[in-house]
Amino acid sequence: MRCLMFLCVFMLMTVSVAAQNPPEAAAQPNIVLIYTDDFGYADVGCYGARGVKTPNIDSLATGGLKFTDAHSPSATCTPSRYAMLTGQYAWRQKGTGIAKGDAAAIIKPGRTTMASLLRQAGYRTGVVGKWHLGLGDGQLDWNQAIKPGPLEIGFDHCFLIPATGDRVPCVYVEDHHVVDLDPSDPIRVQFGKALDDQPSGKTDRETLKMDWSHGHNMTIVNGISRIGWMSGGESARWVDEDMADRITEKAVQFIENQKGSGQPFFLYFSTHDIHVPRVPHARFVGKSTMGPRGDTIAETDWCVGQLLDALQACGMTENTMVIFTSDNGPVLDDGYQDSAVESLGSHDPAGPFRGGKYSNFEAGTRVPMIVKWPGVIQPGTVSDALMCQVDFPATFASLGKNQSMIKIPKGAIPDSQVMASALLGQSKQGREYLVEHGGALALRHGSWKYIEPSKKLKYNPRTDIELGNHPEGLLYNLADDPGETTNLANAKPARVKAMQAKLASLRKVGQTSPKSNQ
Ligand code: NG6
Ligand code: CA
């Protein structure tokens, strides 16, 4: 009898332990982070896109969890990526604005990053695609070893678009070197003053295959003029039409190389699409009703499909968490005449939200975010938890076995909160407070949003985006007013005061993650 009781207690214990811990195979998932560029909230089928189909991205939502209130840390690329990798809001750190093509490495060697944390837990780490966080120590010679860069802050391997598709240098960098560079034709890169007497988007405008609308009128590469000046490196120059293929091939190789290694991996796959210049491969031309902007959405969907197929072929689907998201909100005319405005039709890239890329209004940072981890995340679920990519470092480090293997130095990822329960759909409780960052700062508390006063430009006629700057500040209740149409600042002075005080304290403390959110 006693023996039977003992057996029952033992069985109960085993069951409850099993229920709390994911199965051994899933205890330390591979992580594939698909970070797209300038995808707006409703640029994906399952978020309401019209005029383009995204079956592969949608399949992540069908098999996983779709967030409706997820945010990039900032409304432009460099600060979002800085915050996502370091777990520190970019507005705390000078020099994290949109980086020039020849910017020095913004994240210095030795700094704790999402990649360096995962490496502590035995992950093999790779970044493929757009970097835009600077490389080198300043005055970089692109013909020599290019460092510091990702390899000095926690990545084992990189294949990079160094800055953006619209900035020189228009070459790929693999690990420490420019790919396919002929030493007898060295690269020179310069911002500001023109290099030599080379033709430019201004002088030879009639030769361009895609005309510029503002900026982007300097060195011509592959028939497209860019931001900045570059000479030499002819054999290394990229072909925009092949870019998605090149980076996808590298990402697939990275995945395949992990097969049978017994090591978990982290892949940060950072697309150039759908940033300008939007130049899809011929296979995708006409795949949407929206011209190049829509066609590059279709191209991105293909890239996602390739990665999912590679995971499947390697038998890794089950033990991999795939995240799809974007670095900032949408923009139509970002400097090239690519018919993004004219061909838009009924598609609304920002969905119900106001503003877009660069904006303090909600569309600046409210982005699509989908997470799939078979066997752990309930398929086909939707969460309205308030989420932010700045929480990825702490959250990834908290998953399964990682938790016991990773030591986070005190204060190292100061704004990053553990949001594992929300990320895996086990809780609908997201962040209590979130600081949104356009040109100014805004504070989210539940459905309330306060945008601090700013005298900066209210509206940019070039991009046709309302920036959400207001000399007295703005208050909205997104629960009734997701489109931020009714400013309640005058009607609710006490709430404004409370949110001002909270924002001031968050600013001062320099740390918003004193405790775990689990
Ligand atoms: C802006 C560019 C824009 C884009 C942006 C960075 C001009 C006129 N505009 O300065 O085209 O490159 O920087 O975009 O040059 S991001 O998504 O990488 O942040
Ligand atoms: Ca971007």
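None of these values were measured; they are calculated from a predicted model.

**Student:** What am I meant to see in the environment of N30 here?
**Tutor:** Mapped onto the fold, N30 is located in strand β1 (residues 30-36). Between the C-alpha atom of N30 and that of A340, which follows or precedes it by 310 residues, the distance is 36 Å. When near neighbours in sequence (up to four residues on either side) are disregarded, N30 contacts Y123, Q263, P264, F265, M316, N319, T320 and M321. Polar contacts involving the side chain of N30 include one to the side chain of T320, which spans 3.2 Å.

**Student:** Please explain unusual backbone geometry as it appears in this structure.
**Tutor:** In most cases, non-glycine residues show a negative phi, while peptide bonds are predominantly trans. For the bond from K147 to P148, the omega torsion is 0°, close enough to zero to count as cis. Put simply, V168 and P169 share a cis peptide bond, and its omega is 0°. As for its position among the elements, P169 is in the loop between β5 (157-161) and β6 (173-174). For D38, which is not glycine, the phi dihedral falls at a positive 65°. By the secondary structure assignment, D38 is in the loop between β1 and α2 (55-62). With relative accessibility at 1%, the residue D38 sits in the buried group. Phi is positive for E484, close to 45°, though the residue is something other than glycine. Locating E484 in the fold gives a position in the loop between β22 (474-477) and α10 (493-509).

**Student:** What is the right way to look at the site of ligand 1 in this model?
**Tutor:** Contacts to ligand 1 come from 19 residues, most closely from C77, D166, R167, D334 and K357. One of the backbone N or O atoms of C77 is found 2.9 Å from an oxygen atom in ligand 1. Contact between ligand 1 and K130: an oxygen atom at 2.9 Å from a side-chain N or O atom of the residue. For ligand 1, whose unbound accessible area comes to 460 Å², protein coverage reaches 85%. For the shell around ligand 1, the class distribution of residues is 5 nonpolar, 7 polar and 7 charged. Each of domain 1 (5-21 + 29-187 + 232-433) and domain 2 (188-231) accounts for three or more of the residues forming the shell around ligand 1.

**Student:** What's the story with the pairing of β22 in this structure? I'm lost.
**Tutor:** Burial of β22 is two-sided: the residues L474 and Y476 facing one way and the residues L475 and N477 facing the other way are all buried. Where strand β19 (residues 448-451) and β22 come together, 4 bridges link them in antiparallel fashion. Residue pairing in the sheet places Y450 in a bridge with L475 of β22.

**Student:** Quick question: what am I supposed to make of the coordination of the calcium ion (ligand 2) here?
**Tutor:** Ideal values differ by geometry: the angle at a metal is 109.5 degrees with four tetrahedral donors, but 90 or 180 degrees with six octahedral donors. For the calcium ion (ligand 2), every protein donor is listed as D37 (OD), D38 (OD), D327 (OD), D327 (OD) and N328 (OD1), and the spread of their distances is 2.1 to 2.7 Å. Its 6 donor atoms give the calcium ion (ligand 2) angles of 51 to 174° at the centre, a pattern that matches the irregular case. Sequence positions of the residues that donate to the calcium ion (ligand 2) give the spacing D-D-x288-D-N. Of this pair, D38 sits in the loop between β1 and α2 while N328 is found in the loop between β13 (320-326) and β14 (369-372), placing the two residues 290 residues apart along the sequence. Exposure remark for N328: the relative accessible area of 0% places this residue in the buried category.

**Student:** When you look at the pattern of salt bridges in this model, what are you seeing that I'm missing?
**Tutor:** Should their charged atoms come close, side chains of opposite charge can pair. By the definition in use, this model includes 28 salt bridges. Across the salt bridge formed by R237 and E234, the nearest N and O atoms sit 3.8 Å from each other. Overall, E234 belongs to the exposed group, its relative accessible area being 52%. Among the ionic pairs, K449 bridges to E484, the shortest N-O distance being 3.1 Å. With K449 in strand β19 and E484 in the loop between β22 and α10, the pair connects residues that are 35 residues apart, well separated along the chain. For E484, a relative accessible area of 0% translates into the label buried.

**Student:** Where do I start with the packing of α2 against helix α6 (residues 292-313) in this structure?
**Tutor:** Helices that pack against each other are described as a pair by the angle of their axes relative to one another and the distance between those axes. It is the contact of α2 with α6, at a shortest axis distance of 7 Å, that shows an interaxial angle of 55°. Accordingly, the angle class assigned to the pair α2 and α6 is oblique. In this structure, α2 uses P55, N56, I57, S59 and L60 to contact α6, whose residues at the interface are D301, W302, V304, G305 and L308.

Conventions used here
Residues numbered from 1 in each chain as written. Chains lettered and ligands numbered in written order. Predicted model: local features only at pLDDT ≥ 70, side-chain atom pairs only at ≥ 80, totals over all residues. Heavy atoms only, no water. Helix = DSSP H or I, 4+ residues; strand = E, 2+ residues; numbered from the N terminus. Contact = heavy atoms within 4.5 Å. Polar contact = N/O pair within 3.5 Å; in protein donor to acceptor, adjacent residues only side chain to side chain. Buried < 20%, exposed > 50% of the residue type's maximum accessible area, 1.4 Å probe, protein only. Near = heavy atom within 4 Å. Areas by Shrake-Rupley, 256 points an atom, 1.4 Å probe, with all protein chains shown as cover. Nonpolar A, V, L, I, M, F, W, Y, C, P; charged D, E, K, R; others polar. Domains from an automatic or database assignment. Pairing = 2+ DSSP bridges. Donors = N, O, S within 2.8 Å, 3.2 Å for Na, K, Ca; no water. Tetrahedral: all angles 85-135°; square planar, octahedral: opposite > 155°, others 65-115°. Salt bridge = Lys/Arg side-chain N within 4 Å of Asp/Glu carboxyl O. Axes fitted to C-alpha atoms, helices over the stretch in contact; angles between N-to-C directions. Parallel < 35°, antiparallel > 145°, perpendicular 65-115°, else oblique.

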